[in-house]
Amino acid sequence: MAKERNQVLMKFAKIVKHCRIDKPRHFKLADHDPAERFGLSTDIEDVKHILAGGVARMEELQQRLFAQSEWGVLIVFQGMDAAGKDGVVKHVMSGIDPQGCEVHSFKAPSVEELAHDFLWRVGRVVPARGRIGIFNRSHYEEVLVVRVHPELLERQNLPPSATGKTIWKHRFKEIRAFEQHLARNGTLVLKFHLRISKDEQRKRFLARLDEPFKRWKFSPSDAAERKRWGDYMAAYEDMIRETSTDYAPWYVVPADHKHVAWLVVSAAIIEALEGLKLEYPKVTGKALKALKKAERALKAEKKAK
């Protein structure tokens, strides 16, 4: 059993390394096949035990994270509609204690949010030390959707000097600085782009429309956005190239096969958490003596009965 587990870990370490963008200057989105399976079965039943093992390991690491309270963890998910962001959160994070985790889904910005800089709404909900924060969409919408639809900038009421041709260059720089600040202050930042093909998105849209209880997830605008697919892919490529750093790396995860995405994300998060060398706090000195005294009192109380 231990030998089999080690082989699985070695295999996923290679997969995670392939998905992590360590050389962003040379990054090309086309080099990452959304249908890649890395030799994994097409049948989810064949890999459920691997996913279950990952869930259990993450649960253990989260307990250490919470107890140690030195690190916070921010996990960002970005992807086209129907890429499976909700499913990844549901299946990969299923063992996480809700008391130590918060999920934030960022929709179109509110009037209040538009009155502030574009990082304001995410900065407010960065996870505290000991906790895990999940962003389902994030500050990166500002260099994706807004870049594909620059008319949205008009709603932000920015001064003319802030909306010139260099706006995206400056936003990338500001995002890098923001994430570096988080990393320097004890936040592990992990970012996942769930890469889905245009054909697979079409199939998932049709599946939603075919089932009445899933139709609420679909909007006619979702289909309309498919006409801008090429623009979105160019925006994603530029975004990853400009913002994948050693302190806040991007992972490009093939998502045409949902269970493959779940396994890759799970392995990447576990690898990163294990790199923090999380340990339960050791009680020593006066604190340990106080605990021993309390223990003796509790045992004496039982004898007294």
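Quick caveat, the model's predicted, so the values are computed rather than measured. (Residues numbered from 1 in each chain as written. Predicted model: local features only at pLDDT ≥ 70, side-chain atom pairs only at ≥ 80, totals over all residues. Heavy atoms only, no water.)

Another aspect to go through is the overall build of the protein chain. When its secondary structure is counted, the protein chain shows 12 helices and 5 strands. Along the first, second and third principal axes, the C-alpha set of the protein chain runs to 75 × 50 × 45 Å. Residues classed as buried in the protein chain amount to 44% of the 305 residues present. Considering only residue pairs separated by 6 or more positions, the protein chain has 83% of its internal contacts joining residues 24 or more positions apart. Accessible area for the protein chain stands at about 17200 Å²; split by element, carbon and sulfur atoms hold 54% of it. One finds the centroid of the 55 positive side-chain charges in the protein chain at a distance of 5 Å from the centroid of its 41 negative side-chain charges. (Helix = DSSP H or I, 4+ residues; strand = E, 2+ residues; numbered from the N terminus. Buried < 20%, exposed > 50% of the residue type's maximum accessible area, 1.4 Å probe, protein only. Contact = heavy atoms within 4.5 Å. Areas by Shrake-Rupley, 256 points an atom, 1.4 Å probe, with all protein chains shown as cover. Lys, Arg positive; Asp, Glu negative; His and termini not counted. Charge placed at Lys NZ, Arg CZ, Asp CG, Glu CD.)

So, on to the side chain of Asp 238. Structurally, Asp 238 can be placed in helix α10 (residues 229-243). Engagement of the side chain of Asp 238 in a polar contact is seen with the side chain of Arg 147, the distance being 2.6 Å. For Asp 238, the residues in contact, after removing those within four places along its chain, are Arg 147 and Phe 172. (Polar contact = N/O pair within 3.5 Å; in protein donor to acceptor, adjacent residues only side chain to side chain.)

Right, let's talk about the pattern of salt bridges for a bit. Tallied over the full model, the rule gives 19 salt bridges. Ionic pairing is found between Arg 176 and Glu 242, a salt bridge with its closest N-O pair at 3.4 Å. Of this pair, Arg 176 sits in helix α7 (residues 167-184) while Glu 242 sits in helix α10, and the two are 66 residues apart along the sequence. Through salt bridges with shared partners, a single ionic network connects Arg 57, Glu 60, Arg 64 and Glu 274. (Salt bridge = Lys/Arg side-chain N within 4 Å of Asp/Glu carboxyl O.)

Next up on the list: the pairing of strand β3 (residues 132-136). In terms of burial, β3 is a largely internal element, 5 of the 5 residues being buried. Burial of β3 is two-sided: the residues Ile 132, Ile 134 and Asn 136 facing one way and the residues Gly 133 and Phe 135 facing the other way are all buried. Note: strand β1 (residues 72-79) against β3, 5 bridges, orientation parallel. Bridge pairing links Ile 75 to Ile 134 in β3. Both strand β2 (residues 101-105) and β3 contribute to a ladder of 5 bridges, which runs parallel. Each residue of the ladder has a partner; that of Glu 102, found in β3, is Gly 133. (Pairing = 2+ DSSP bridges.)

In this section: the environment of Leu 51. You can see Leu 51 is positioned in helix α2 (residues 48-68). Considering only alpha carbons, one finds Leu 51 and Arg 37, 14 residues apart in sequence, at a separation of 15 Å.

Turning our eyes to something else, we now look at unusual backbone geometry. Even without a glycine there, the phi angle at Ala 82 is positive, about 75°. Structurally, the position occupied by Ala 82 is in the loop between β1 and α3 (85-92). When its relative accessible area of 8% is taken as the criterion, Ala 82 is described as buried. Look at Lys 277: it is not a glycine, yet its phi comes out positive at around 55°. Mapped onto the elements, Lys 277 comes out in the loop between α11 (258-274) and α12 (285-304).

Ordered in space as β2-β3-β1-β4-β5, the 5 strands form an open sheet in which the pairing is parallel. Edge positions in the sheet fall to β2 and β5 (250-254), since each has one partner strand and no second. Pairs of neighbouring strands in the sheet enclose a mean axial angle of 20°, with direction left out of account. Across 8 bridges, β1 lies against strand β4 (residues 187-195) in parallel orientation. Each bridged residue has a counterpart across the sheet, and for Leu 74 the counterpart in β4 is Val 189. (Axes fitted to C-alpha atoms, helices over the stretch in contact; angles between N-to-C directions.)

What follows covers empty space enclosed by the protein. Considering all chains together, one arrives at 3 cavities of 30 Å³ or more under this definition. In this structure, the largest cavity encloses a volume near 70 Å³. Along its surface, the largest cavity is lined by Pro 109, Glu 113, Leu 114, His 116, Asp 117, Phe 118, Arg 121, Glu 142 and Gln 156. (1 Å grid on protein atoms, 1.4 Å probe; cavity = no way out; pocket = protein on both sides within 12 Å on 5 of 7 lines; lining within 4 Å. Points joined across faces, edges and corners; volume = space filled by probe spheres on them.)

The computed volume of the largest pocket comes to approximately 1400 Å³. Around the largest pocket, the lining is made up of 45 residues, and of these Asp 81, Ala 82, Lys 85, Arg 137 and Arg 208 lie nearest the centre. The set of elements that each furnish at least two residues to the lining of the largest pocket consists of β1, α3, α6 (145-148), α8 (198-210), α9 (220-225), α10 and α11. Looking at the lining of the largest pocket, the element that brings in the most residues is α3, giving 5 residues. Classifying every residue of the lining of the largest pocket by side-chain character gives 16 nonpolar, 11 polar and 18 charged. (Nonpolar A, V, L, I, M, F, W, Y, C, P; charged D, E, K, R; others polar.)

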